[in-house]
Amino acid sequence: MSSIANFTDFNSLLKLLRFPKVENDAIFHICRLEDMFDKKNQLSTPLLRQHFFDISLFLNADFEYRYASSTKRVSNATLQIIPPRQPIKVIADADAVFKVKGYTIYFKPEFLSVVFDNANFIKEFPFFAYSNNNCLLELGAKNTENLREIFNKIICVYENRSASSFKIINGYLWALLHTVKEIWLKENTSSFVSQKSLLVSSFENEISLRLKADVRVSDIANILSISPKYLSETLKEETGLNAKQLLDRAIFEEAKSLLKNTPNSISEIAHYLHFSEPSNFSKFFKRMSASNPSDFRSIT
């Protein structure tokens, strides 16, 4: 079946989005959205996952993004933050592609000397948590100008690279992340602040790598070096849902993404998600949503 496309390097994604390629081993890249090739045609991507961080500043934008199973409209001045492995899909007509301006930054965790499962990094920048699957921030004039200034500084250094350029860019990127954090926190009243909240983040990261029906909570608890009981009790305390409920919710969101954004049959999706029978997938989906997969697909 045609499942979610995975992009682990920049060039495969840049080709899809019609941008010039970069060095094959690049761990950081910034581009102007105006540099997109072939602006006369619609841009429509398959459902995909990027295995790296993505921050974009859209100016004069008007197109549609799908995050997991949620559809969001990008318009005017908007900041977009995509956590690694979050399913996304872009739909933009030719007119929107022609008009859009701004910047996109891609970076791998090693550029900042962190790793994907570094809970402290997510604690510092909670908008990069996997569960934060729809982070679009509409910007006022002041925030737009502040962010544009930082993006401009980064791209100027990037386009005139010297031996010390990436050290300078690294500093600017940290400044950008903290600026984004200030903007994000004004719209979000909570962030990861405790060790228990860090456990939630680590659990979400692990299940994002294992979105299959045959995954067991005990397996993830073992990876995290804690007991299943403590894991489930802590998650319940922090989120209101126990470990199995959070795992089911993540699999359900994956199922909705596949139903909404791929042509695969319900049987193929059930098999992809490791349900033993399509009927078991239908029962699971109905338990989670009170509708069956075919009804959900027909109304979206």
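For the structure, see preceding data.
Definitions and limits used
Residues numbered from 1 in each chain as written. Predicted model: local features only at pLDDT ≥ 70, side-chain atom pairs only at ≥ 80, totals over all residues. Heavy atoms only, no water. Salt bridge = Lys/Arg side-chain N within 4 Å of Asp/Glu carboxyl O. Helix = DSSP H or I, 4+ residues; strand = E, 2+ residues; numbered from the N terminus. Buried < 20%, exposed > 50% of the residue type's maximum accessible area, 1.4 Å probe, protein only. Core = buried A, V, L, I, M, F, W, Y, C linked by side-chain atoms within 4.5 Å. Phe/Tyr/Trp six-rings, centres within 6.5 Å; stacked < 30°, edge-to-face > 60°. Lys NZ or Arg CZ within 6 Å of the ring centre and 35° of its normal.

### Quick word on the pattern of salt bridges
- Taken as a whole and assessed by the stated rule, the structure comprises 11 salt bridges.
- Residue Glu159 is joined to Arg32 by a salt bridge in which the shortest nitrogen-to-oxygen separation is 2.5 Å. Note that Glu159 is positioned in helix H4 (residues 141–159) and Arg32 in strand E2 (residues 28–32), a separation of 127 residues in sequence.
- Here Asp248 ties to Arg287 by a salt bridge, and the two come within 3.4 Å at their closest N and O atoms. In this pair, Asp248 is assigned in helix H9 (residues 243–261) and Arg287 in helix H11 (residues 278–289), connecting sequence segments 39 residues apart.
- Classification of Asp248 as buried rests on a relative accessible area of 8%.
- Relative accessible area serves as the criterion here: at 54%, Arg287 is assigned to the exposed category.
- Residues participating in the shared-partner salt-bridge network are Lys244, Asp248 and Arg287.

### Observations concerning the nonpolar core
- Counting 66 residues, the largest nonpolar core has Phe28, Phe63, Phe128 and Leu176 as its most contacted members.
- The next biggest cluster of nonpolar side chains, apart from the first, holds 31 residues, and it includes Ile4, Phe203, Ala255 and Phe275.

### Notes on the packing of aromatic side chains
- Taken as a whole, this structure holds 25 aromatic pairs when the rule is applied.
- Here Phe127 and Trp184 contribute two aromatic rings whose centre-to-centre distance is 6.2 Å and whose plane-to-plane angle is 65 degrees, an arrangement assigned as edge-to-face. With a gap of 57 residues between them, Phe127 in the loop between helix H3 (119–124) and strand E9 (135–138) and Trp184 in helix H5 (residues 165–187) connect regions that are remote in the sequence.
- Classification of Trp184 by relative accessible area gives buried; the value is 6%.
- Ring pairs connect the aromatic residues Phe53, Phe107, Phe121, Phe125, Phe127, Phe128, Trp174 and Trp184, which therefore count as one cluster.
- Positioned above the aromatic ring of Tyr158 is the side chain of Arg161, whose terminal nitrogen or guanidinium carbon lies 4.0 Å from the ring centre.
- One Lys or Arg, Lys212, reaches over the ring of Tyr272 and ends 3.6 Å from the middle of that ring.

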